[in-house]
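# A closer look at the structure
Residues per chain, in single letters:
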Amino acid sequence: MSSTRATVSKILTYSIVDGPGNRLVIFLQGCNFLCACCHNPHTIGECNHCGDCIPACHVDALSLVDGRIAYDPLACDHCDACLEVCPISANPMVREYSVAEILEQAREHRPFLTGVTVSGGEPTKQLDFIIELFRAIKSDKELAELSCFIDSNGHLGASAWENVLPVTDGVMLDIKGFDNPTHQALTGMQNVKSMESARFLHAAGKLYELRFLLVPGKTDSDAELDSLIGFVKELGADTRVKLNAFQHHGVKGEALGWEKMTEAGVDRAAERLRAAGIDNVATPAVYL
Amino acid sequence: MQDTIQKLRSIANDATLSPAQKRHYLSLEAENMLPYPTLDTETQEALDQRVICDMYEGHAPYKPRYVLPDYSIVLAQGSEYLELPAPKTLDEAINTLMIAYHHVPSVTGIPVYIGPLDQLLLPFCDDVSDEDLYEKIKLFWRYLDRTLPDAFMHANIGPTDNRVARAILRVDAELKQIAPNLTFLYDPQVSGDEILAIASNNIVECCKPHIANHPVHAAAFDERGYGIVSCYNVLPIAGGASTLTRINLKEVALRSSGEDDFFAHQLPRYLDLNFRLTQSRIDYLFNESNFFHSFLVEERWIEADRFTAMFGVFAMAEAVNALQEKEARAGRYGFDEEANALGHRISAVLAEAVDSRPLNNAWRGRALLHSQAGLSDDVEATPGVRIPYGTEPDPVTHVEALSPHHQYYLSGISEILTVDESVRNNPEAIQQLCKGAFARGFREFTVNVASNDLVRVTGYMVRLSDIRKFNEQQGSRTNTTVLGAEAADVTGILDRKPRVVGNELYPGHSQ
């Protein structure tokens, strides 16, 4: 077994919102987008061991050892005060996991699991780990039937996708906006790679779901929705589209001043897609 | 006597009860004027203190608590007593069942078991189209809910995937009625994923059906089989349960100086007293009540030697937490491994005790252990071995914490797993959780989808919209429709009984 390790923000053994069925979800730390509207912004940055979080910890679970942040999970009471003070949206509570350790968790919960999803952050930033993990799952007798999914922003080139797709069953891909200046303003990056990824994944038969976040006044305009419709039709009108609604849960900073997306607004957008012949549209079951 | 007269008068004149409900409560009062079946002083004391409990079944057990007729007999032979010929068509078969149900007694007077409906009706369906079958089941379902309005009335389907089971699931999801309660018997070797997927979709629609771990249940019974009845009881077909008694484990723990005293003295003592209470009630039913001189026995719908006694326990969570405190340990039931292990040990001791204590006039000469799901007046005592409401961990952790209990509770154990609404976009998750729970040894799988209109309280269903409707009307309309007295905590706010209730929760008329 190789020694590749991943920086993990969190692992869930029960998730019903990260792909089909109940899934083991591994949230990998670090993202190449900087979305103001991110609902788990503490997964964006990668710790630079500045130590600013140490005084914020009221149970002394954080310290500097040899110039690096040391985290004591037994002392931690998960108050998340360290996340609040981190100047770079990182997480001092991350843990490193080997592929073997993740496999152990999958085995322990095997009967409850439909599959495994890597999410983030942007998981493809740790692509080597994903490839090794999925390969190990596919070649493990007990785990081989688990479906392997990636939840991605699509900021990855085709050749890199080609490396991971043979061991990947599906990708849930976010397009944050079709108008490029809007996309740039929302994420700090251009959307070209994301759209290319969607086309590539669809052609490879691995695009499980195209996700689109509706932010009032930013991505819910008729023009944006028509671009979405055009793009989905280009891929194939049967593509599963998941409309997500911008909410304040988990959000930090300026985006808390943005309006929340209403259920009625989402329904209107879904109707527009369906009227255009896109049938497979999912909308949120819960508005937080 | 003056008190009694006053009580009877208050029932007779109650503004919220229907005449039928009044008759029921009046009959309970009359029964309870009789002296209790003979109990020794010690047992009587424990009963008076409610450390042990008879579920307020009444002073003169003249009928078993639960009766599970073998309905295949009346469908094959008709009934001489009821002057019914053997049915030949689906209409006749359903009609025969509709008549039969009115002759099946129970603790509440409403049948708790209406049979393995798909297995019973399939032989009559050869010449019936799917659409006709659906229409007939729909009328049947409406009839059941309107004439036998009790959430404890329970239908079974499965383990095969068949036309009748599918029609029932279709109708049940469409009508979203409280009654009948419904269990799908799932056998991974027989049922297939397709009908499990339909059942999962139904759970998303209306929190029904329960899913039973068929191979595990079947192994605990004999070739005549078992039925799932009432609020999650598992009993022999062609028999049932003479009585259900229960121990309040919390009260036993509070009477113990610590863990050692609990296991060495207090628990054995109250186990013994509860056995005495149980035997005394069985003796009355078998030796004095003349219940078994009935056409049900003569025509072999039931057999006297197939009636077990349900030996119930509840408030495991509070008992474990009390013992943890006495032992100065911080871990809480449901979350801490040590606390959970203490609970599992208690269950093992209970099972061993039930298995080794002979009872007269009980199926196989023994009682069957039961994780009892509560009465409306249980205060700070969590049903069965469940984790207290509102504090449950996620469904996977929940199952892991409780699954070791399930091997012990042969006559029924149920947990309610709450899943949030996101599952509407992903019913496959329910299937997976069910498979996981069964792989861990769960005997039964029940999910409440948060925010569904039809939701489960302890094990029976209520409609949230009924409650909302009432709240909106409060102050503008009172005493218009007479629906009843009180239901569980949730419906307790109603001041009147919904049309469809769980009568078992209300053993008597309350002021």
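Not measured: the values here are computed from a predicted model.

Of all hydrophobic cores here, the largest spans 211 residues; its most connected members are Leu214(A), Leu249(B) and Ala319(B). For this core, the element with the most residues is helix α12 (residues 259-288) of chain B, which contributes ten residues.

All names here are of chain A. In space, the nine strands of this open sheet follow the order β5-β1-β2-β6-β7-β8-β9-β10-β11, with mixed pairing throughout. Each of the sheet's edge strands pairs with one partner strand only, and the pair in question is β5 (95-98) and β11 (281-282). Both strand β1 (residues 5-12) and strand β2 (residues 23-28) contribute to a ladder of four bridges, which runs antiparallel. In the sheet register, Leu12 faces β2, and the bridge partner there is Val25. Along the sheet face, helix α3 (residues 127-138) touches β1, β6 (115-119) and β7 (147-152) and points at about 160 degrees away from the line of β7. Helix-sheet contacts for helix α8 (residues 263-275) involve β9 (207-214), β10 (241-245) and β11, and the interaxial angle to β10 is about 160 degrees.

What follows covers the interface of chain A and chain B. Contacts between the two partners involve 15 residues from chain A, matched on the other side by 19 residues from chain B. Within the side of chain A that touches chain B, the residues separate by chemical class into ten nonpolar, five polar and no charged.

Here the focus is the pairing of β1(A). As a general feature of sheets, a regular strand has side chains that alternate between the two faces. In this sheet, β5(A) lies alongside β1(A) in antiparallel orientation, the contact comprising four bridges. Among the inter-strand pairings, Thr7(A) is bridged to a residue of β5(A), identified as Glu96(A).

We now examine the sheet that holds strand β13 (residues 444-449) of chain B. Residues and elements named next belong to chain B. Taken in spatial order, the six strands of this open sheet run β3-β4-β5-β6-β13-β12, and their pairing is mixed. Looking at which strands have only one partner, the edges of the open sheet turn out to be β3 (113-116) and β12 (416-419). Sheet twist, expressed as the mean angle between neighbouring strand axes with direction ignored, is 25 degrees. As defined by bridge partners, β12 adjoins β13 across four bridges and the pair is classed as parallel. Bridging across to β13, Ile416 finds its partner in Thr446.

On to unusual backbone geometry, then. Here the residue pair Gly158(B) and Pro159(B) is connected by a cis peptide bond, since its omega of 0 degrees sits within 30 degrees of zero. Summarising the element assignment, Pro159(B) is placed in the loop between β4 (154-157) and α8 (163-175). A cis amide bond, omega 0 degrees, links Lys208(B) with the succeeding residue Pro209(B). Tracing the backbone shows Pro209(B) in the loop between α9 (193-206) and β6 (210-213). Unusually for a residue other than glycine, His49(A) sits at a positive phi of about 60 degrees. Inspection of the secondary structure assignment puts His49(A) in the loop between β2 and β3 (62-65). At Arg364(B), a residue that is not glycine, the phi angle is positive and equals roughly 60 degrees. By the secondary structure assignment, Arg364(B) is in the loop between α15 (337-356) and β11 (368-371).

As a further point, take the domain arrangement of chain A. Domain boundaries in chain A define domain 1 (5-42 + 95-282) and domain 2 (48-85). When each unit is reduced to the centre of its C-alpha atoms, the spacing between domain 1 of chain A and domain 2 of chain A is 29 Å.

Another point: the confidence of the model for chain B. All names here are of chain B. Averaged over all residues, the pLDDT of chain B equals 89, while 88% of them reach at least 70. The low-confidence segment residues 473-497, where pLDDT is below 50, has 47 contacts with residues more than four positions distant or belonging to other chains. Reported confidences for the modelled complex are a pTM of 0.88 and an ipTM of 0.88.

Turning our eyes to something else, we now look at the pairing of β4(B). Residue and element names in this part refer to chain B. Burial along β4 is two-sided: His154 and Asn156 and Ala155 and Ile157, pointing in opposite directions, are all buried. As defined by bridge partners, β3 adjoins β4 across two bridges and the pair is classed as parallel. Across the sheet, the residue bridging to Pro116 is Asn156, located in β4. When β4 meets strand β5 (residues 181-186), the two strands line up parallel, connected through four bridges. When the bridges of β5 are listed, Ile157 appears paired with Phe184. Taken together, β4, α8 and β5 form a β-α-β motif whose crossover is right-handed.

Conventions we followed
- Residues numbered from 1 in each chain as written.
- Chains lettered and ligands numbered in written order.
- Predicted model: local features only at pLDDT ≥ 70, side-chain atom pairs only at ≥ 80, totals over all residues.
- Core = buried A, V, L, I, M, F, W, Y, C linked by C-beta atoms within 7 Å.
- Buried ≥ 20, exposed ≤ 12 C-beta atoms within 10 Å, placed from the backbone.
- Helix = DSSP H or I, 4+ residues; strand = E, 2+ residues; numbered from the N terminus.
- Pairing = 2+ DSSP bridges.
- Contact = placed C-beta atoms within 7 Å.
- Axes fitted to C-alpha atoms, helices over the stretch in contact; angles between N-to-C directions.
- Nonpolar A, V, L, I, M, F, W, Y, C, P; charged D, E, K, R; others polar.
- Domains from an automatic or database assignment.
- pLDDT = per-residue confidence, 0-100.
- Right-handed = clockwise from strand over helix to strand, strands pointing away.

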